[in-house]
Amino acid sequence: MQIEEKARLEIDRKLFEAGWMVQDLKEMDITASLGVAVRKFQTADNHEVDYALFVDGDIVGLVEAKEDNKGSRL
């Protein structure tokens, strides 16, 4: 398993433990739960972010995962 895959599994686990429903973009249903985290989300300006966070169907944040030494930790 590559480093990026391991990191994604860890982030998915932490989001799930915090109450988020984690989904792939191709299966996106932002109304499936109060809080939904969508992996590899395409923004309106055509950039891909690691996760988009939706609460009650509204986007509330974007997440870019970085190495531990590159910024804040989840």
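The rules behind the values
Residues numbered from 1 in each chain as written. Predicted model: local features only at pLDDT ≥ 70, side-chain atom pairs only at ≥ 80, totals over all residues. Heavy atoms only, no water. Helix = DSSP H or I, 4+ residues; strand = E, 2+ residues; numbered from the N terminus. Rg over C-alpha atoms; globule rule 2.2 N^0.38 Å. Buried < 20%, exposed > 50% of the residue type's maximum accessible area, 1.4 Å probe, protein only. Contact = heavy atoms within 4.5 Å. Areas by Shrake-Rupley, 256 points an atom, 1.4 Å probe, with all protein chains shown as cover. Phe/Tyr/Trp six-rings, centres within 6.5 Å; stacked < 30°, edge-to-face > 60°. Salt bridge = Lys/Arg side-chain N within 4 Å of Asp/Glu carboxyl O.

Peer 1: What is the right way to read the overall build of the protein chain from this model?
Peer 2: For the protein chain, the helix and strand inventory stands at 1 helix and 4 strands. Shown N-terminal to C-terminal, the secondary structure of the protein chain runs as helices and strands in the order α-β-β-β-β. Over its C-alpha atoms the protein chain spans a radius of gyration of 12 Å, differing by no more than 12% from the 11 Å that the globule rule assigns to 74 residues. On the principal axes, the C-alpha backbone points of the protein chain span a range of 35 × 30 × 25 Å. Within the protein chain, the proportion of its 74 residues that are buried is 27%. Long-range pairs, those at least 24 residues apart, make up 20% of the contacts in the protein chain between residues at least 6 apart in sequence. Element-wise, carbon and sulfur atoms account for 52% of the exposed surface of the protein chain, whose accessible area totals about 5500 Å².

Peer 1: How do you make sense of the packing of aromatic side chains when you look at a structure like this?
Peer 2: Aromatic ring pairs are defined here through the distance separating the ring centres and the angle between the ring planes. As enumerated under the stated definition, the model contains 1 aromatic pair in all. Where Phe-41 meets Phe-54, the ring centres are 5.7 Å apart and the plane angle is 70 degrees; that geometry is what we call edge-to-face. Placement of the pair is Phe-41 in strand 2 (residues 35-42) and Phe-54 in strand 3 (residues 48-55), with a sequence separation of 13 residues. The burial state of Phe-41 is the same as that of Phe-54; both residues are buried.

Peer 1: Sorry if this is basic, but what is going on with the pattern of salt bridges here?
Peer 2: Side chains that differ in sign of charge can pair as their charged atoms come close. Taken as a whole and judged by the stated rule, the model has 7 salt bridges. The salt bridge involving Asp-50 is made with Arg-8; its shortest N-O contact spans 3.8 Å. Of this pair, Asp-50 sits in strand 3 while Arg-8 sits in helix 1 (residues 3-17), and the two are 42 residues apart along the sequence. Accessibility assignment for this pair places Asp-50 and Arg-8 in one class, buried. Here the salt bridges do not stand alone but share partners, grouping Glu-10, Arg-13, Lys-14 and Glu-17 into one network.

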